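Each chain is listed here by its residues.
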Amino acid sequence: QKSKEKGFKLYFKCGIDRIMNHYEMFDFQATLDKGKKIIGHSLIFAIQIGKTYGGGFKITPDAELDDGYFNMCFSSGNLTRKKALPLFARAAKGKHVGSKYVDFAKSKNIRLHIDQLVPCQLDGEEYSNHDFDIKTHPKALRVYVAS
């Protein structure tokens, strides 16, 4: 039976379920522009160009749609389930920024390797892989705004 919940409510419910029933950290290595490497252990890893996803969660509140960069948000440090729950709730309004359990990075191109297959979404579509090669394509989309 499909859920009738959508957007924010659905994302919030799924996030709580993930933390409470499927809490699992993943080892990753990200290679950014100019060869900069980030190696970590994370519960969540978001890469996006906008500020929000999941019906309005402000995961990367400093992101700009037109600056040509991907914005990453990932958990870090010793993030326990008990610490993850309030952090997840704060992320709804972008209040997770500054937490010692969250890191951010920006890059035009990202190569991401995760040691095990992880559940993920690409623009809302389910997908699973170990390796992701994420690149910007400047000026690939023309947007017209009616005035």
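Residues numbered from 1 in each chain as written. Predicted model: local features only at pLDDT ≥ 70, side-chain atom pairs only at ≥ 80, totals over all residues. Heavy atoms only, no water.

(A) Structural context of the sheet that holds strand S3 (residues 45-48). Pairing within the open sheet is antiparallel, and its three strands lie in the order S3-S4-S5. The open sheet is flanked by S3 and strand S5 (102-107), the only strands paired with a single partner. In this sheet, adjacent strand axes meet at a mean angle of 15° when their direction is disregarded. As judged from the four bridges shared by S3 and strand S4 (residues 70-75), these two strands associate in the antiparallel manner. Across the sheet, the residue bridging to phenylalanine 45 is phenylalanine 74, located in S4. (Pairing = 2+ DSSP bridges. Helix = DSSP H or I, 4+ residues; strand = E, 2+ residues; numbered from the N terminus. Axes fitted to C-alpha atoms, helices over the stretch in contact; angles between N-to-C directions.)

(B) Inspection of the side chain of serine 99 at higher detail. Considering the arrangement of structural elements, one finds serine 99 in the loop between helix H2 (81-91) and S5. A distance of 3.0 Å separates the side chain of serine 99 from the backbone nitrogen of tyrosine 101, its partner in a polar contact. Not counting chain neighbours up to four residues away, the residues in contact with serine 99 comprise Leu87 and Arg90. (Polar contact = N/O pair within 3.5 Å; in protein donor to acceptor, adjacent residues only side chain to side chain. Contact = heavy atoms within 4.5 Å.)

(C) Local environment of the side chain of serine 107. Along the polypeptide, serine 107 turns up in strand S5. Note on serine 107: relative accessible area 1%, which makes it buried. Here aspartate 33 takes part through its backbone nitrogen, which lies 3.0 Å from a polar atom of the side chain of serine 107. Leaving out residues up to four positions away in the same chain, serine 107 has contacts with Leu32, Asp33, Tyr69 and Phe70. (Buried < 20%, exposed > 50% of the residue type's maximum accessible area, 1.4 Å probe, protein only.)

(D) Inspection of the sheet that holds strand S9 (residues 131-135) at higher detail. Strand order in this open sheet of four strands is S2-S1-S6-S9, and the pairing throughout is antiparallel. Only two strands of the sheet have a single neighbouring strand rather than two, namely strand S2 (37-42) and S9. The sheet shows a mean angle of 15° between the axes of neighbouring strands, taken without regard to direction. Sheet topology places strand S1 (residues 26-31) next to strand S6 (residues 109-114); four bridges connect them, and they run antiparallel. Bridge pairing in S6 places phenylalanine 28 opposite isoleucine 114.

(E) Region of interest: the packing of aromatic side chains. All told, the structure shown has twelve aromatic pairs when counted by the stated rule. The rings of Phe8, Tyr11, Phe12, Tyr53, Phe57 and Phe88 are connected pair by pair, giving a single aromatic cluster. Across from the ring centre of tyrosine 69, 5.2 Å away, lies the NZ or CZ of lysine 108, which sits over that ring. (Phe/Tyr/Trp six-rings, centres within 6.5 Å; stacked < 30°, edge-to-face > 60°. Lys NZ or Arg CZ within 6 Å of the ring centre and 35° of its normal.)

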